[in-house]
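Fold and geometry: a report
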Amino acid sequence: MKQGLKAVFAANLVLLAFSAAAAAAPQEVHFYSLDGTALKAWVFQPAGQAPRGTVIALHGCGGLYATVGSRKGELNARHQAMADLLVAQGYAAVFPDSLTPRGETELCTQKLGTRNIDQAQRRADALGALAWVAVQPWAKAEHIALLGWSHGGSAVLSATDVSRADVRGQTVRPAVAIAFYPGCSAAQKSGYKRGVPLVLMLGEKDDWTPPAPCIALGKAVGAEVNVYPDSYHDFDNPAGRLQVRMDVPNGIHPGQGVQVGPNPVAREAAYARLREVLHKAFQ
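Definitions and limits used
- Residues numbered from 1 in each chain as written.
- Predicted model: local features only at pLDDT ≥ 70, side-chain atom pairs only at ≥ 80, totals over all residues.
- Heavy atoms only, no water.
- Helix = DSSP H or I, 4+ residues; strand = E, 2+ residues; numbered from the N terminus.
- Rg over C-alpha atoms; globule rule 2.2 N^0.38 Å.
- Buried < 20%, exposed > 50% of the residue type's maximum accessible area, 1.4 Å probe, protein only.
- Contact = heavy atoms within 4.5 Å.
- Areas by Shrake-Rupley, 256 points an atom, 1.4 Å probe, with all protein chains shown as cover.
- Polar contact = N/O pair within 3.5 Å; in protein donor to acceptor, adjacent residues only side chain to side chain.
- 1 Å grid on protein atoms, 1.4 Å probe; cavity = no way out; pocket = protein on both sides within 12 Å on 5 of 7 lines; lining within 4 Å.
- Points joined across faces, edges and corners; volume = space filled by probe spheres on them.
- Nonpolar A, V, L, I, M, F, W, Y, C, P; charged D, E, K, R; others polar.

**Overview of the overall build of the protein**
When its secondary structure is counted, the protein shows eight helices and 10 strands. The globule rule puts the C-alpha radius of gyration for 283 residues at 19 Å, and the 19 Å found for the protein is close to it. With the C-alpha coordinates of the protein rotated into their principal frame, the extents come out at 65 × 50 × 35 Å. For the protein, with 283 residues in total, the buried portion stands at 51%. Considering only residue pairs separated by 6 or more positions, the protein has 72% of its internal contacts joining residues 24 or more positions apart. Looking at the protein as shown, the accessible area adds up to about 13,100 Å², and 56% of this sits on carbon and sulfur atoms.

Below, the structure written as structure tokens:
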């Protein structure tokens, strides 16, 4: 029995070592937002091959980086997991940092309406990233996707809204746009017009960015809407646990906090659909 346990333990160590070695490593790059801000971004590419497509991934209100633990200062677990997933599929991934170039580390604890960074800046950053990727020698302008989470998911909506002159004025548009639990109320009120195929990934029980406005928006503009049962905000996070964040002043119950945390079943289902969507878009 002891020998069997030792063998299993050794196998697990090998697996962990392989996983660590296989984690995608980024390259730091710089380009300009459409509003003139000099942005930093992290680019991941598959080794030894040209990318089959490129995904521009837009962080949420918490920014790109882990703030505690062994990953502090590096891409947080969700972003690293997405980079690994995309690279494993043969795609490049670009993660622009919209916060630190503007002197912010997070927006989540700031009340709506008081933030110095809103969707005007996030849209400008997304459009700047699209323009930058399109001229890279390793990229195909027709094989670019926009992906975002929460505040970044709302940025996906804003950057694909052809009712906006700055969006209409761009020569490069994504082949598909995918938004995880965005806030959709503002897009509803502004008369959002979808300029590209749109896929929404929503948590059924999300009390931070509730699914109902997104379901209505998706129906109105002909988007694909996926609602994952028993799931809250941040359901696709590979780390952490379900908890109440009392430091978040927004949500459907202001002052009462919001529930956030992973649902592994929903995450796997959403990631499986993500792979299918990207495969189709990049054919």
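**Side note on the side chain of aspartate 234**
By secondary structure assignment, the location of aspartate 234 is in the loop between β8 (224-228) and β9 (243-245). Exposure remark for aspartate 234: the relative accessible area of 16% places this residue in the buried category. A distance of 3.4 Å separates polar atoms of two side chains, one belonging to aspartate 234 and the other to tyrosine 181. In this structure the side chain of aspartate 234 is engaged in a polar contact, spanning 3.0 Å, whose partner is the side chain of asparagine 237. Those residues in contact with aspartate 234 that lie beyond four places of it in its chain are Arg78, Tyr181, Val260, Gly261 and Pro262.

**Topic: empty space enclosed by the protein**
Per the counting criterion, the structure on display carries one cavity of 30 Å³ or more. What the largest cavity holds in volume is close to 50 Å³. Every residue lining the largest cavity is listed: Leu127, Leu130, Ala159, Thr160, Val162, Val167, Gln170, Val172, Arg173, Pro174, Gly195 and Val196. In terms of residue class, the lining of the largest cavity is built from eight nonpolar, three polar and one charged.

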